[in-house]
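Per-entry structural report
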Amino acid sequence: MYDMIVIGAGPAGISMASEARAAGISPEKILILEKAGEHSFSIKKYYPDNKLVTANYKGFEAACTGVMCLVDSSKHETISYLDRTIRENSITVSYEETVFKIHKHPAEQRFTITTDRGSYDATVVVIAIGILGKPNKPGYRIPPSLRDLILYDVTTTDVAGADVLVVGGGDSASEYCQYLVQKGNRVTLSYRRHDFSRMNDINRQSIQALAERAQVEILFGSNITAVKDASGRPAVAFGEALLGSRTYDYVLYALGGTTPRNFLKTIGIEFDGEDPYVKEAHETNVRGMFLIGDLSAGTKGGSIIWAFNSANTAMKRICREYLKCSAVPPAAKPGPR
Ligand SMILES: Cc1cc2nc3c(=O)[nH]c(=O)nc-3n(C[C@H](O)[C@H](O)[C@H](O)COP(=O)(O)OP(=O)(O)OC[C@H]3O[C@@H](n4cnc5c(N)ncnc54)[C@H](O)[C@@H]3O)c2cc1C
């Protein structure tokens, strides 16, 4: 019987386990189940290698309330920090283990968690699986013949010296453009809105600078209506007559991720419109089951500091309601280095 089982070893899951350690829960009583073969899988897959990991991502205030904190860092520094946290707190992560079912026993505060490898019992379950497992895809059909030329991240395919259309208008769209320009690509950005109000200052300034130097062509107010196969290349049709149809080597979508609605509903979590219903301190309608990180951030999306802070908030309630915590968690440390 574990005190706490955490599902997902990203920033939220790792900080949840380290909050529990800081609150005096012994390492044998905590288990993280991660479906990938390594922790922080989303960061490794979606972040360009030279990316600056910003503490105020999406304009969130860079203020840490818990035991983990982030200052502007490189991708490598961020991953090393998460790595070190697992090691120094003696946190057990079971990799390549996917959770299928979570059953709450009605008469007692106990969950049974079933995975593809076995089952475990725990007093508290924290779900920290993020939203990046399923990137958002466009509404129109993509021809299967173009599968290898339609991308949702920049690490799966090495793209250099090509004509690339990036679709989106948030921080990741800007970062993808910066990365692709550095790799010698000719980059166009298609965004349906007319300004970059959703980007943080660094990314807005960077994309504007690239546009001024004619290194990125920005198509504001552009709406893609279809993507077709034109002799093996993606031909992108725009709804705006002025833009017509244009052909690229690759189309890269930066449209964020999807809440794993079916999974959450199957385990009994209720929804409030599009978002899972969370009450005080990220607890769901199921007593003792918490949702933290990107999953509890709502439509604006989350950040790493949001993930860290949500774990701290959840831990305070877990100590009050469910577990015997022997220590008061210390204040946030200044950063990953
Ligand atoms: C391109 C890009 C750039 C970004 N840049 C920044 C930035 O500069 N600064 C910043 O603060 N934020 C940034 N973000 C956002 C940040 O990465 C997320 O907010 C953060 O990773 C959320 O952490 P999380 O732990 O909630 O989810 P995730 O990081 O997505 O981690 C979830 C983990 O759960 C695992 N998992 C999924 N399903 C299951 C399952 N069924 N069973 C077991 N494990 C499962 C996944 O493999 C993964 O390891 C960026 C995001 C993107 C896409």
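Refer to the structure above for everything that follows.
Attention here is on the structure that accompanies the text. Counting restarts for each chain, with residues numbered from 1 along the sequence as it is written. Reporting in this predicted model follows two pLDDT cut-offs: at least 70 for local features of residues, and 80 or more for side-chain atom pairs to be given and counted; totals over whole chains, interfaces and linings ignore these cut-offs and use all residues. Excluding hydrogens and water, the side-chain figures rest on all heavy atoms present in the structure.

Some words on the overall build of the protein
So the rule is basically this: Helix and strand definitions here come from DSSP, where helices need a minimum of 4 consecutive H or I residues and strands a minimum of 2 consecutive E residues; each element is numbered from the N-terminal end. The reference for a compact globule is 2.2 Å times residues^0.38; the radius of gyration itself is calculated from the C-alpha atoms. Remark: exposure states derive from per-residue accessible area (1.4 Å probe, protein chains only) relative to the maximum for the residue type, with buried under 20%, exposed over 50%, and partly exposed in between. Note that accessible areas follow from Shrake-Rupley with a 1.4 Å probe, and for residues the cover is restricted to the protein chains shown. Counted as positive: Lys and Arg. Counted as negative: Asp and Glu. His and the chain ends are not counted at all. Charge placement uses NZ in Lys and CZ in Arg. For Asp and Glu, CG and CD serve respectively.
Within the protein one finds seven helices and 19 strands. Relative to a compact globule of 337 residues, whose C-alpha radius of gyration would be 20 Å, the protein shows 21 Å and is just as compact. Considering the protein as a whole, with its 337 residues, one finds that 52% of them fall into the buried category. Carbon and sulfur atoms form 49% of the exposed surface of the protein, whose accessible area is close to 15300 Å². Averaging the coordinates of the 39 positive side-chain charges in the protein and doing the same for the 37 negative ones gives two points 2 Å apart.

Focus: the sheet that holds strand S14 (residues 233-238)
The condition that has to hold: Strands are labelled as partners when DSSP assigns at least two bridges between them. Angles shown run from 0 to 180 degrees and are taken between the N-to-C directions of axes, each axis being a line fitted to C-alpha atoms and, for helices, limited to the stretch in contact.
Pairing within the open sheet is antiparallel, and its three strands lie in the order S13-S14-S15. Edge positions in the sheet fall to strand S13 (224-230) and strand S15 (245-247), since each has one partner strand and no second. Adjacent strand axes in the sheet meet at a mean angle of 25°, parallel and antiparallel pairs treated alike. By the bridge criterion, six bridges tie S13 to S14 in an arrangement that is antiparallel. Across the sheet, residue aspartate 229 finds its bridge partner in S14, namely proline 234.

Side note on the site of the ligand
Under the convention used in this document: A cutoff of 4 Å decides nearness: a residue is near a molecule or strand if any of its heavy atoms lies inside that distance of it. Residue polarity follows a fixed list, in which Ala, Val, Leu, Ile, Met, Phe, Trp, Tyr, Cys and Pro are nonpolar, Asp, Glu, Lys and Arg are charged, and the others, Gly among them, are polar.
Around the ligand there are 31 residues in total, and Glu34, Ser42, Tyr47, Lys51 and Asp294 lie nearest to it. For the ligand, the protein covers 95% of the area, taking 1000 Å² as the surface of the free molecule. The set of elements that each furnish at least two residues to the shell around the ligand consists of helix H1 (11-22), helix H2 (41-46), strand S3 (52-53) and helix H4 (171-182). Here the residues of the shell around the ligand sort into 17 nonpolar, nine polar and five charged.

Points about the side chain of asparagine 203
In plain terms, the rule: In this description, contact between two residues means that some pair of their heavy atoms is separated by no more than 4.5 Å.
Residue position: asparagine 203 is located in helix H5 (residues 201-212). Residues within four places of asparagine 203 in sequence aside, it is in contact with Asp171, Ser174, Glu175 and Gln178.

Things to note about the environment of valine 164
If you trace the backbone, valine 164 turns up in strand S10 (residues 163-167). Note: C-alpha distance between valine 164 and threonine 247 (83 residues apart in sequence) is 9.3 Å. Excluding anything up to four places from it in sequence, valine 164 contacts Val159, Leu180, Asn185, Arg186, Val187, Thr188, Tyr248, Tyr250 and Leu252.

Considering the packing of H1 against helix H7 (residues 304-321)
The condition that has to hold: Should the near helix be turned anticlockwise from the far one by less than a right angle, the crossing is left-handed, and should it be turned clockwise, the crossing is right-handed.
Running from N to C, H1 and H7 cross one another at 35°; their axes reach a closest spacing of 8 Å. Of the two possible hands of crossing, H1 and H7 adopt the one that is right-handed. Every residue of H7 that contacts H1 at Pro11, Ala12, Ser15, Met16, Glu19 and Ala20 is listed here: Ile304, Ala307, Phe308, Ala311, Asn312, Ala314, Met315 and Ile318. For the contact of H1 with H7, the per-class residue count stands at 11 nonpolar, two polar and one charged.

Points about empty space enclosed by the protein
We count it as follows: Cavities and pockets were defined on a 1 Å grid built over protein atoms only: a cavity is a set of grid points that admits a 1.4 Å probe from which the probe cannot escape, a pocket is an open set flanked by protein on both sides within 12 Å along at least five of seven lines, and lining residues are those with an atom within 4 Å of any such point. Grid points are joined across faces, edges and corners, and a volume is the space filled by probe spheres set on the points.
Per the stated rule, a full pass over the model turns up one cavity of 30 Å³ or more. What the largest cavity holds in volume is close to 40 Å³. Lining the largest cavity are Leu151, Val154, Thr157, Asp158, Val159, Tyr179, Leu180, Lys183 and Leu252. Across the lining of the largest cavity, the residue classes break down as six nonpolar, one polar and two charged.

A short note on H7
Every α-helix winds through 3.6 residues per turn, so residues three or four apart in the chain are directed the same way. Definition in use: In a helix, the anticipated span is given by 1.5 Å times the number of residues less one. Polar contacts, as counted here, are pairs of nitrogen or oxygen atoms within 3.5 Å of one another; within protein the pair requires one atom able to donate a hydrogen and one able to accept it, and residues that are adjacent in sequence qualify only if both atoms are side-chain atoms.
For H7, built from 18 residues, the straight-helix expectation of 26 Å at 1.5 Å per residue is met to within 8% by its first-to-last C-alpha distance of 26 Å. The residue sitting at the N-terminus of H7 and contributing the capping side-chain oxygen is serine 303; that oxygen lies 3.0 Å from the backbone nitrogen of tryptophan 306.

A closer look at the sheet that holds strand S12 (residues 216-220)
Strand pairing within a sheet occurs via backbone hydrogen bonds; the two strands may be parallel or antiparallel. Spatially, S9-S16-S10-S11-S12 is the arrangement adopted by the five strands of the open sheet, whose pairing is parallel. In this open sheet, the two edge strands, each paired with only one partner strand, are strand S9 (150-151) and S12. With two bridges connecting them, S9 and strand S16 (residues 250-253) associate as parallel partners. Following the sheet pairing, isoleucine 150 is matched in S16 by valine 251.

Details of the pairing of S16
Burial along S16 is two-sided: the residues Tyr250 and Leu252 and Val251 and Tyr253 are all buried. In the sheet, S10 pairs with S16 via four bridges, with the strands oriented parallel. Its bridge partner being in S16, valine 167 is matched across the sheet by tyrosine 253.

Remarks on the pairing of strand S11 (residues 186-191)
Stated formally: Crossovers are described as right-handed under a simple rule: with the strands pointing away from the observer, the path leading from the first strand over the helix to the second runs clockwise.
Among the six residues in S11, five count as buried, and that is most of the element. When S10 meets S11, the two strands line up parallel, connected through five bridges. Bridge pairing in S11 links leucine 165 to threonine 188. Pairing of S11 with S12 involves five bridges; the strand directions are parallel. In the sheet register, leucine 189 faces S12, and the bridge partner there is isoleucine 218. The handedness of the S11 to S12 crossover, carried by H5, is right-handed.

Concerning H4
The terminal C-alpha atoms of H4, which comprises 12 residues, lie 17 Å apart, in line with the 16 Å expected from a rise of 1.5 Å per residue. Across the 12 residues that make up H4, a large majority, nine, are buried. Buried within H4 are the following residues: Asp171, Ala173, Ser174, Glu175, Tyr176, Cys177, Tyr179, Leu180 and Val181. Just downstream of H4 lies glycine 184, where phi reads positive at about 75°.

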